[in-house]
Amino acid sequence: MNQEMVEVRTIADGFLNYTKATAISLNGIRLLCYLGILCQVALTDHSTRKIPGRYHIYILLIAADMVLTGNSDLYNRIPGAAAVAGPMLVLSILIPGAFGGGDIKFMAVSGFLLGKEKIICSMACAIMLAGGYCLIMLKCGKLTRKDEFAFGPFLCAGTALTLFVGEWLLSWYLSIIF
């Protein structure tokens, strides 16, 4: 059995067994699947500096399921796909190497899943987390200003952070500005 099928089977078996033991909703299953994918993306990108296309397809399938079952509308999903991925694409064209193609596709499908507000919050969290990491690593002498690092783990962490405390973060930030 190939690696992709083992990953899908392991995730599916775990969630099916979990849902049998507890009363979890379909949205809860989707969230757990997405969190599992986020973990895989972060680990894979950290070790290989690549995000395989299969993870984008998995996220897109979750989003499509939400749209097809009526739990979501396309009016927030389509702008969500472009809200962060579009500027990332433009930056990567203007500044070669700014973002990898896997990062851009990951944010596009995650934006389609989460919607415009949450994906923007996710990117803001990812930038702050990556900035903190860079400051610490520069101060310790482990990185130089010319070094590159995998951004996917920070995108995943920012997205997970948004899923759990995104509403609070947005209201806190808006209370500071206004």
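In this report, we go over the structure that sits alongside the text. (Residues numbered from 1 in each chain as written. Predicted model: local features only at pLDDT ≥ 70, side-chain atom pairs only at ≥ 80, totals over all residues. Heavy atoms only, no water.)

Take the nonpolar core next. In this structure, Y34, F106, M107, L113, M123 and F151 are the most contacted members of the largest nonpolar core, which totals 34 residues. Among the secondary structure elements, those contributing two or more residues to this core are helix 2 (26-48), helix 3 (53-68), helix 5 (85-94), helix 6 (101-114), helix 7 (116-140) and helix 8 (152-177). Excluding residues within four positions of it along the chain, F106 makes contact with Y34, L38, V41, I51, H56, I59, L155, C156 and T159. (Core = buried A, V, L, I, M, F, W, Y, C linked by side-chain atoms within 4.5 Å. Buried < 20%, exposed > 50% of the residue type's maximum accessible area, 1.4 Å probe, protein only. Helix = DSSP H or I, 4+ residues; strand = E, 2+ residues; numbered from the N terminus. Contact = heavy atoms within 4.5 Å.)

Let's shift gears to the packing of aromatic side chains. Throughout the structure, instances matching the rule amount to seven aromatic pairs. Where F151 meets F154, the ring centres are 6.5 Å apart and the plane angle is 35°; that geometry is what we call tilted. A residue is classified by how much of its surface remains accessible, and F154, at 14% relative accessible area, is buried. Among the aromatic side chains, those forming a connected cluster through ring pairs are F99, Y133, F149, F151 and F154. (Phe/Tyr/Trp six-rings, centres within 6.5 Å; stacked < 30°, edge-to-face > 60°.)

Close approach of charged atoms allows side chains of opposite charge to pair. One pass over the structure, following the stated rule, counts two salt bridges. Put simply, D65 and R30 hold a salt bridge, and the shortest N to O gap is 2.7 Å. Here D65, found in helix 3, pairs with R30, found in helix 2; they are 35 residues apart in sequence, far enough to count as distant. Look at D65 and you get partly exposed, because its relative accessible area is 30%. In this structure, R49 and E148 form a salt bridge, with 3.2 Å as the shortest nitrogen-oxygen distance. With R49 in the loop between helix 2 and helix 3 and E148 in the loop between helix 7 and helix 8, the pair connects residues that are 99 residues apart, well separated along the chain. Looking at R49, the relative accessible area reads 46%, which means it is partly exposed. Residue classification places E148 among the exposed positions, given a relative accessible area of 55%. (Salt bridge = Lys/Arg side-chain N within 4 Å of Asp/Glu carboxyl O.)

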